[in-house]
Amino acid sequence: MSRPRLWITRRLSDATLERAARNYEVVINHEDEPGTADQLIAASAEFDAIIPCHSEHFSAEVVAQFSDRLKIVANHSVGVDHCDLPALKARGIVVTNTPDVLSDATAELAMLLMLGAARNAVAGDRIVRTGAWDSWSPAFMVGKQVTGARLGIVGMGRVGQAFAAKARGFDMEIHYYNRSELPADRAQGAQYHANIDSLLGVADFLSLHCPATPETTNLMNAERFARLPAGAVVVNTARGALVDEAALCVALDSGHVAAAGLDCFQVEPGGNPAFAQYDSVFMLPHIGSATRKTRDAMGFRALDNLDAFFAGRTPGDLL
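Numbers given for residues are sequential positions, taken from 1 along each chain in its written order. In keeping with the predicted nature of the model, local features appear solely for residues at pLDDT of at least 70, side-chain atom pairs appear and are counted solely at 80 or more, and the whole-chain, interface and lining totals rest on all residues. Side-chain measures were taken over the full set of non-hydrogen atoms in the model, leaving aside hydrogen atoms and water.

(A) Local environment of unusual backbone geometry. A cis amide bond links E268 with the next residue in sequence, P269, at an omega value of -5 degrees. In DSSP terms, a helix is any run of H or I states spanning at least four residues, a strand is any run of E spanning at least two, and both are numbered starting from the N terminus. Looking at where P269 falls in the secondary structure, it is placed in the loop between β11 (257-262) and β12 (281-283). Positive phi, close to 55 degrees, is recorded for N218, a residue that is not glycine. Within the element layout of this structure, N218 appears in the loop between β9 (205-208) and α10 (222-227).

(B) Expanded view of the sheet that holds strand β4 (residues 72-74). Read across the open sheet, the five strands follow the order β2-β1-β3-β4-β5; overall the sheet is parallel. Whereas interior strands pair on both sides, the edge strands pair on one side only; in this sheet they are β2 (25-28) and β5 (94-96). Shown here is a sheet whose adjacent strand axes are inclined to one another by a mean of 15 degrees, direction ignored. Strands qualify as paired when DSSP identifies two bridges or more between them. Sheet analysis places β4 next to β5, joined by three bridges and oriented parallel. The partner of V73 across the bridge, within β5, is V95. Most of the contacts of helix α12 (residues 292-310) go to β4, to which it runs at about 155 degrees, and overall it touches β1 (5-8), β3 (49-51), β4 and β5. What counts as an axis is a line fitted to C-alpha atoms, over the stretch in contact for a helix, and the angles between N-to-C directions run from 0 to 180 degrees. Note on contacts: a residue pair qualifies if any of its non-hydrogen atoms lie within 4.5 Å across the two residues.

(C) Layout of the sheet that holds β12. With parallel pairing, seven strands are arranged side by side in an open sheet as β8-β7-β6-β9-β10-β11-β12. Two strands bound the open sheet, and with one partner strand each, they are β8 (191-193) and β12. Across this sheet, the average inter-strand angle for adjacent strands is 15 degrees, counted without regard to direction. Running over the sheet, helix α11 (residues 245-254) touches β11 and β12 and is turned about 140 degrees from β11.

All we've got here are geometric facts, nothing functional implied.
Here it is in structure tokens:
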């Protein structure tokens, strides 16, 4: 019996590629460039399965041109805003993702961004790196203390809960907004807010961990930045679409938002060049899940879903 034919759209971890080759007839995009619409359409006639990343866009227009051969899209990501799920479902194509396994890595990066933004990491690194550090005073590089501060989390799912667990190590007072209140054993003392505006009013630090949807696009706009306490720090490791970037620049200019830590942007790759003028913005290139352990786990989770599907079972992460 022939093995299912699988297209892996990006250069995944070595362990993932080795495992995939044992069970599938695999074609790997070793050039590691995002798959185009034309490539996705062509692949639908050549492959039984695709493991894409967030860089491949399964729009309704693209999916409408798919062949009937493609049976499953096993995403190498948690977020699926790059997939038109109703369009894929209408074509009978199964879609899965990789939850759970990247929560800690992303929460670690959120902590890095929060600390770096609060404690002037960008300016401090530049001063030392360029040899400009030639003085010191009690007023030099004074930042915002994290320990004991109030932290607001928007989206208390897996990543939000992992971030809250790490923030407790800094004795932060944790508040959260979520679509529903968590059971006490999962909230671990975090205070629930039934609406986001209530949360914003107490968030000395605000960290975004919700998905990008039509409802959450520009979730943080000028009005909501204004609801934060003066001198707040904003962190986003979720999706760039959540933040009105022009409004954030205005809030930074006024000083109402003291700093921001950003791992994702409205335009990716590339980011927003307007942020480069701010030493108070600590930026990273969407690397929240970029650890060896997590990349292996994500690849294996995608393959677990494929294995289940081709064995006639329901994949564990069916969407």
